Every structure is written in structure tokens, then in C-alpha cells.
Amino acid sequence: MKSAVETLNPTRVRLTVEVPFEELKDSLDAAYKKINQQVTVKGFRKGKVPARVIDQRFGRGAVLEEAVNDALPKFYTDAVNEAELSPLGQPEVDITELKDGETLNFTAEVDIRPAIEIPDYSGIEVEVDAVEVTDEDVEKSVEQLRERFASTTPVERAAEDGDVVTIDLEAKVDGEVLEDGVASGVSYTIGSGELLDGIDDAVKGLEAGGEATFTSELKGGSAAGKEAEVTVKVTQVAKRELPELDDEFAQLASEFDTLEELKADSRKRLENMKQYDQATQAQERVLDKLLELVEVPVPEKLLEDEINTRKHNLEHHQLGQMGLDLAKYLEIQGKTEEEFENETREAAVKGIKTQFVLDELVKQEKLNVNQEELTEHLMRRAASSGMSPDQFAQAVVEQGQVPLLVGEVARGKALAVVVEKATVKDTNGEIVDLEDDEDEAAEAETSEASADETAEEKTEG
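Since the structure is predicted, the reported quantities are computational estimates derived from the model, not experimental observations. (Residues numbered from 1 in each chain as written. Predicted model: local features only at pLDDT ≥ 70, side-chain atom pairs only at ≥ 80, totals over all residues. Heavy atoms only, no water.)

Concerning a negative patch on the surface
Selection criterion: Note that patches include only residues with greater than 30% relative accessible area and no salt bridge, and the join distances are 9 Å for like charges and 5 Å for nonpolar side chains (Val, Leu, Ile, Met, Phe, Trp, Tyr). Values of accessible area rely on a 1.4 Å probe in the Shrake-Rupley scheme; residue burial ignores everything except the protein chains shown. A side-chain nitrogen of Lys or Arg and a carboxyl oxygen of Asp or Glu constitute a salt bridge if their distance falls within 4 Å. Lys and Arg are tallied as positive, Asp and Glu as negative. Neither His nor the chain termini are counted. The atom standing in for a charge is NZ when the residue is Lys, CZ when it is Arg, CG when it is Asp and CD when it is Glu. Helix and strand assignments come from DSSP, with helices taken as H or I runs of at least 4 residues and strands as E runs of at least 2, each series counted from the N terminus.
A surface patch of negative charge is lined by Asp247, Asp257, Glu260 and Glu261. Note that aspartate 247 resides in helix 6 (residues 247-253).

A short note on the packing of helix 11 (residues 371-385) against helix 12 (residues 389-398)
Cut-off, in case you're wondering: An axis is simply a line fitted to the C-alpha atoms; with a helix, the fit covers only the stretch in contact. Between two such axes, the angle follows the N-to-C directions and lies from 0 to 180 degrees. The scheme is simple: roughly parallel for angles under 35 degrees, roughly antiparallel for over 145, roughly perpendicular for 65 to 115, oblique for anything else. In this analysis, two residues are considered to be in contact whenever any of their non-hydrogen atoms come within 4.5 Å of each other. Residues are sorted three ways: Asp, Glu, Lys and Arg are charged, Ala, Val, Leu, Ile, Met, Phe, Trp, Tyr, Cys and Pro are nonpolar, and all the rest, Gly among them, are polar.
One way to put it is that helix 11 packs onto helix 12 with a least axis distance of 9 Å and a crossing angle of 105°. Relative to helix 12, the element helix 11 lies roughly perpendicular. Side by side, helix 11 and helix 12 meet where Leu378, Met379, Arg381, Ala382 and Ser385 of the first sit next to Pro389, Phe392 and Ala393 of the second. For the contact of helix 11 with helix 12, the residue count by class is six nonpolar, one polar and one charged.

Let's talk about the pairing of strand 2 (residues 12-20)
To keep things clear, this is the line we draw: Here, any two strands with at least 2 DSSP bridges between them count as paired.
As paired elements, strand 1 (residues 2-9) and strand 2 share seven bridges and run antiparallel to each other. Counterpart to alanine 4 in the pairing with strand 2 is threonine 16. Here strand 1 hands over to strand 2 after two residues, the two strands then running antiparallel side by side.

Here we look at the side chain of serine 141
How we decide: We call a residue buried when its accessible area falls under 20% of the maximum for its residue type, exposed when it is over 50%, and partly exposed in between, using a 1.4 Å probe and counting protein chains only.
With respect to the helices and strands, serine 141 occurs in helix 4 (residues 135-148). Its relative accessible area of 15% is what places serine 141 among the buried residues. The contacts of serine 141, once residues within four sequence positions are left out, are Ser266, Arg269 and Leu270.

Overview of the sheet that holds strand 2
Within a sheet, adjacent strands bond to each other through the backbone by hydrogen bonds, running parallel or antiparallel. Strand order in the open sheet made by the four strands is 1-2-4-3, with antiparallel pairing throughout. Since the sheet does not close on itself, it has two edges, and those belong to strand 1 and strand 3 (87-99), each with one partner. Ignoring strand direction, the axes of neighbouring strands in this sheet form an average angle of 20°. Pairing of strand 3 with strand 4 (residues 103-112) involves nine bridges; the strand directions are antiparallel. Opposite valine 93, over in strand 4, you have alanine 108 as the bridge partner. Across the sheet, helix 3 (residues 60-82) is in contact with strand 1, strand 2, strand 3 and strand 4; its angle to strand 3 comes to roughly 125°.

Here's what the structure looks like:
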């Protein structure tokens, strides 16, 4: 087999391949065997029909077509490997010549990973937000914890802001009650904004047994986005009472004995979380600077596929779960369709460039992924997906996505190499030690989880 490569543009090539006919022998034998198993010829046992009879009865052309279809993937792969190409997607194959007993010639056009030159990136400098936790931040955090331990007491008076009301709802569109527009025993805190627009004004001033009707645009369900006439009936009004902020509350809501200890822990956790945000911000800004330094051509077909994938995931997964369509989503976001298209294209271009550049860095820096790193990444991905690590691992293996996870870890390590060599300063002009930030981030995650567990246990208790 002989092959040659013609560069059509920085991201696409044409392979020209010439295959001597003798190299088709194995595929021809396989073709005769396959046809033998599929046909019946009088006077011959099944599977024992001679090749010459198959040629006479069914035509040599059918055998050649079967043989070529069988052989092409191997010859194409051999040509790709010989040229040391990194193809993207499926090739467009054209058989240019097929002479029985002489030769098979074909061409294959395919997108490839572009050759990328990574320049010196040690001079990258970025600025990130300073880590500052104010007394107000701490008070807000403690107040949120206090909210979780609020109690309610039924009262016989009209509902006011902050009260918890138990309500029954009925929604009509065009005078018809919706099948999914009836709900009973719904608990709602007045002023929380968690239900329908207009409900606060409707229930305020009502006592238990009171009823009101208002119009509102439905946020979800079968009639999402439509104006509905909603009838709300209050069945109970309860006053919401917050615990006093004192040492007794600290003992109730945490493992600490005093309110001051609880506040000190809250401050530490907030600092850790902000350091984590700072590290993430540094990574994003260093990546942006790196991409500015590198010239990365993007294959048009790959770009279109990525854009379509992003749109599909948004429309059929994210928005579908929210009961929205794309038009309604754009209205809520205050964007035109043209702005959405431009933003999606920009994000897709950045995603492809990022993968190309970081993959090249993985090769350049000879980075490997060990089992421990892969396991840690898998557990993080499992947590974000809402699945157990075992369930997530099983799904990854069944779907053949282990190489994708390995790639994600390797690219993360490549970016870490660049960040390590970059100069990162905060808005106060101080040099940021990102290794400390990573340690603090791990502490923040552990501390946050511990605090949540403590609150849940004591709430349940």
C-alpha cells in the first residue's frame, strides 16, 4: 500500500491511497465466505458454493463491493498512522479506481487536529479578587443558619410579611382548570418569592379560610409562560419565630459551645470558600491569557457539531427540566436570538481551542494520569451528577467514557502547570499563593459538609 497526504487547510487533509490487489485477498476470501452463508444454490450444500459459481450467479461486482467495504477501514487507518495524523470525526471516502485483479485507489478527506506551537507562557500575569471577609458577611452566614432553625406557631389573625401560610391553589387558563394546576397543603413563606408573582399581595391580609384570585404568568408545567387565573385559599396562618442569637443557639446549631466560637468558624469557612473562588478565578484568567498567546485554527465541521451539541443540551435537557423553551429562555435572559447564536459560537470556539492547547501541553510536558487522580476526579464528577461513585463509575465504563475522564484530568494537570508559572496578584497588589488556596479549598469543602451534617442532625433531632 502507498499513501500520500495533501494539506487542504490547517485543519483538513486529503489522503490518497493506492492498494495492490493482492492486499485485498483476505477481504475477498471473507466476502466469498459471507456470501456463501447467505445464499442457497441448487446442487451445492449451504456454505460450499464455489467462488466461480458465486461470480456467475451473483456477479463479481457484488463480491468486490463487499471486499472493499471490509478492507477500507483498515487501509484508511494504516494511512493515517503512517502519516502520523490525529483525525477528528469520520472521513469522506471516494473510491477513485477499482480494477479487478490490479488495484484499488481511493481518497479520504478528514479534519485533523491542527499543529500547535506553544510559546513561552512563564510571563503570564493576572489579577484576581482579594480574599476579604467582612463582619457583615459573617452576620449574614450566621443569620442563614438561624433561619434553618426557625419554628412556626399557628396564629388566629390576618397573614403578614414573613408568616408561613398553608394554602390550596387552583390555576385556570382560558377558563379551564389545568390538570397540573391544582395543589393542596402548600407551605409558603410570604415574601420569599418562591412561588408565583402576585401571590404575596393576594394572601397578605387573609385569615385562615380566606380566599383570593389573582393573575400570574405560570413558571412551569403544561402551560408554562401563559397567563393564568389563580385562586388561592389560606387554610392556616403561622408566625415564624427565629431563635435568639446566643450561646444556647450555638450549641443547638453546631458543635460549638459559644456564639463567638460559631462566628469564628463561620469566618474561617467563608475565607476558605473565597480562597477557592479566587483559585478558580486565577485558573480561568490564566487560561484566557494562554489562549491569547496561541494561534489555534478550528475545524469548521467540528465547530458546527459542538455548537449543535450545546444547543441540544440546553433545549432538551436544561430548559426541558425547567419547563421552558428557547424563546422563553431568551426572553427571561433579555437576549436576542442573534446574541444567543454569537455567544454559543464564542463558547464553542473557546472550548475547542482550550482542549487543543491543553492536550498539546499534556504531550509537551509528558503528563500522565495515575489511578488515584482518576479516582478523585471520578468522585467529584459523581458528586456533581447526584450519583453515587459506584453508579457513576459503572455508567462511565458502560458508555466507554474512561478515556474522556482521563483526558479531563490530564488537561487539568496541564493548566495547573501553566498557573504555577504565572504571576497571580490580588486587587490589593499581593502575590497569591495558589497552593495554599487549594489546601484551604479542600478544608472549605470538608468544613461545609460537616456544618451541613451537624445542622441536619440537630434539626432532625
